[in-house]
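Geometric and topological summary
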Amino acid sequence: MKLLRKRINYLVILLAALMGIVFTLILIYAFFIPQKYSFAVASYAKKFDLEEELIYAVIRTESNFRAEAVSDAGAVGLMQIMPSTAQFLSEMNGRQEVDLYDPEENIATGCSYLRYLIDRFEVIDTALAAYNAGEGKVRRWLADGENSTDGKTLQNIPYAETRIYLKKVKKFYKCYKILYF
C-alpha cells in the first residue's frame, strides 16, 4: 500500500510538472504568435469572408506585426502591400487613396487583395503564392507544365523566396488554429 501511494505521489508530481511545462510553452508560444489588431482583423475577416487565422498568419509572416515595416521592394505596413496594388484596389473598389502605414487601412487593403487573389486562383496556396510573388508571375507558373499539371495548383514554385513564404504562412496558420481555437 505504501508503495502504491508513493507511486501515485510521484505520478501526481510528474503530471503537475508536465502541466507547468506545457503552460509555460503555451505562454512562450503566444508571445511569438500574437493576435494584435484583433478588432480590425475580425472585422475585415468577416467582410471579406476570410479566416482570422489566415490573416494573422499573413501579417506575422509579412511584417511580424510592425505597422511601419517597409520591404526592400517597397511593400508597406502590416500586410506588406505594394503602393501600386493599393492604388489598383482603391480604384477597383471606388475608394480614396489609403494610408498603408495605418494598421486598419493596411489590414483592410491586405484582406481585400487576399480575397481578390483567392477569387481569381481558387486554391489558397496559389493565392498566397500570388500575394508574395505577384499575380502575373503565378499565372505564368500555372501555365508551365513543369510547375502545374492542372493550371490551378502549383506543384513547383520557381522562386525560393515564395516557397519559403508559403511554408511560413502555413506554419503560422496552423499555430494560430491550434493556439487560438
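You'll find the structure just up there.
The paragraphs below set out a description of the structure included in this document.

Calculation notes
Residues numbered from 1 in each chain as written. Predicted model: local features only at pLDDT ≥ 70, side-chain atom pairs only at ≥ 80, totals over all residues. Heavy atoms only, no water. Phe/Tyr/Trp six-rings, centres within 6.5 Å; stacked < 30°, edge-to-face > 60°. Helix = DSSP H or I, 4+ residues; strand = E, 2+ residues; numbered from the N terminus. Buried < 20%, exposed > 50% of the residue type's maximum accessible area, 1.4 Å probe, protein only. Core = buried A, V, L, I, M, F, W, Y, C linked by side-chain atoms within 4.5 Å. Contact = heavy atoms within 4.5 Å. Patch = residues over 30% accessible without salt bridge, like charges linked within 9 Å, V, L, I, M, F, W, Y side chains within 5 Å. Areas by Shrake-Rupley, 256 points an atom, 1.4 Å probe, with all protein chains shown as cover. Salt bridge = Lys/Arg side-chain N within 4 Å of Asp/Glu carboxyl O. Axes fitted to C-alpha atoms, helices over the stretch in contact; angles between N-to-C directions. Parallel < 35°, antiparallel > 145°, perpendicular 65-115°, else oblique. Left-handed = near helix turned anticlockwise from the far one by under 90°. Nonpolar A, V, L, I, M, F, W, Y, C, P; charged D, E, K, R; others polar. Expected span 1.5 Å × (residues − 1).

A few points about the packing of aromatic side chains
Evaluation of the coordinates by the stated rule reveals seven aromatic pairs. Measuring from ring centre to ring centre gives 5.5 Å for Tyr113 and Tyr131, while their planes differ by 40°; the resulting arrangement is tilted. Of the two residues, Tyr113 is situated in helix α5 (residues 103-121) and Tyr131 in helix α6 (residues 124-133); the sequence distance between them amounts to 18 residues. Side by side, Tyr113 and Tyr131 carry an identical accessibility label, which is buried. Here the aromatic residues Phe88, Tyr113, Tyr116 and Tyr131 are joined through ring pairs into a cluster of three or more.

A few points about the nonpolar core
Considering soluble globular proteins, one finds that nonpolar side chains tend to be buried as a cluster. In terms of nonpolar packing, the biggest core is built from 50 residues, with Met79, Ile107 and Tyr131 touching the most fellow members. Residue assignment for this core shows that the elements contributing at least two residues are α2 (38-47), α3 (52-62), α4 (83-93), α5, α6, α7 (135-143) and α8 (160-179). Ignoring sequence-local partners within four residues, the contact set of Tyr131 consists of Val58, Glu62, Met79, Ile81, Gly110, Tyr113, Leu114, Leu117 and Tyr165.

Considering unusual backbone geometry
One non-glycine residue, Tyr37, adopts positive backbone phi at about 60°. Residue position: Tyr37 is located in the loop between α1 (2-32) and α2. The exposure class of Tyr37 is partly exposed, given its relative accessible area of 30%. In this structure, Gln80 is a non-glycine residue whose phi angle is positive, near 50°. Here Gln80 is to be found in the loop between α3 and α4. Judged by its relative accessible area of 10%, Gln80 is buried.

With respect to the environment of Ile55
Structurally, the position occupied by Ile55 is in helix α3. Residue class for Ile55 comes out buried when judged on its relative accessible area of 0%. Residues Ile55 and Thr109, 54 residues apart in the sequence, show an inter-C-alpha distance of 12 Å. If near-sequence neighbours (up to four positions away) are discounted, Ile55 is found in contact with Val41, Ala45, Leu50, Met79 and Cys111.

Thoughts on a nonpolar patch on the surface
Among the surface-exposed residues, Met1, Leu4, Ile8 and Val12 lie close enough to one another that they form a single nonpolar patch of about 440 Å² accessible area. If you trace the backbone, Met1 turns up in the segment before α1.

Here's the deal with the packing of α5 against α7
The N-to-C vectors of α5 and α7 enclose an angle of 20°; their axes lie 12 Å apart at closest approach. In terms of orientation, α5 and α7 fall into the roughly parallel class. As for how α5 packs across α7, the hand of that crossing is right-handed. Residues Tyr113, Tyr116, Leu117, Arg120 and Phe121 of α5 pack against Glu135, Val138, Arg139 and Leu142 of α7. Across the contact of α5 with α7, the residue classes tally to six nonpolar, no polar and three charged.

Comments concerning α8
The end-to-end C-alpha distance of α8, which contains 20 residues, comes to 28 Å, matching closely the 28 Å that a straight helix rising 1.5 Å per residue would cover. Looking at α8, one finds that the buried residues are Thr162, Tyr165, Leu166, Val169, Phe172, Cys175, Tyr176 and Leu179.

Considering the pattern of salt bridges
Under the defined criterion, the tally for this structure stands at five salt bridges. Between Lys177 and Glu51 there is a salt bridge, and its shortest N-O distance comes to 2.7 Å. Highlighted residues: Lys177 in helix α8 and Glu51 in the loop between α2 and α3, separated in sequence by 126 residues. Here Lys152 makes a salt bridge to Glu122, at a shortest N to O gap of 2.8 Å. In this pair, Lys152 sits in the loop between α7 and α8 while Glu122 sits in the loop between α5 and α6, placing the two residues 30 residues apart along the sequence.

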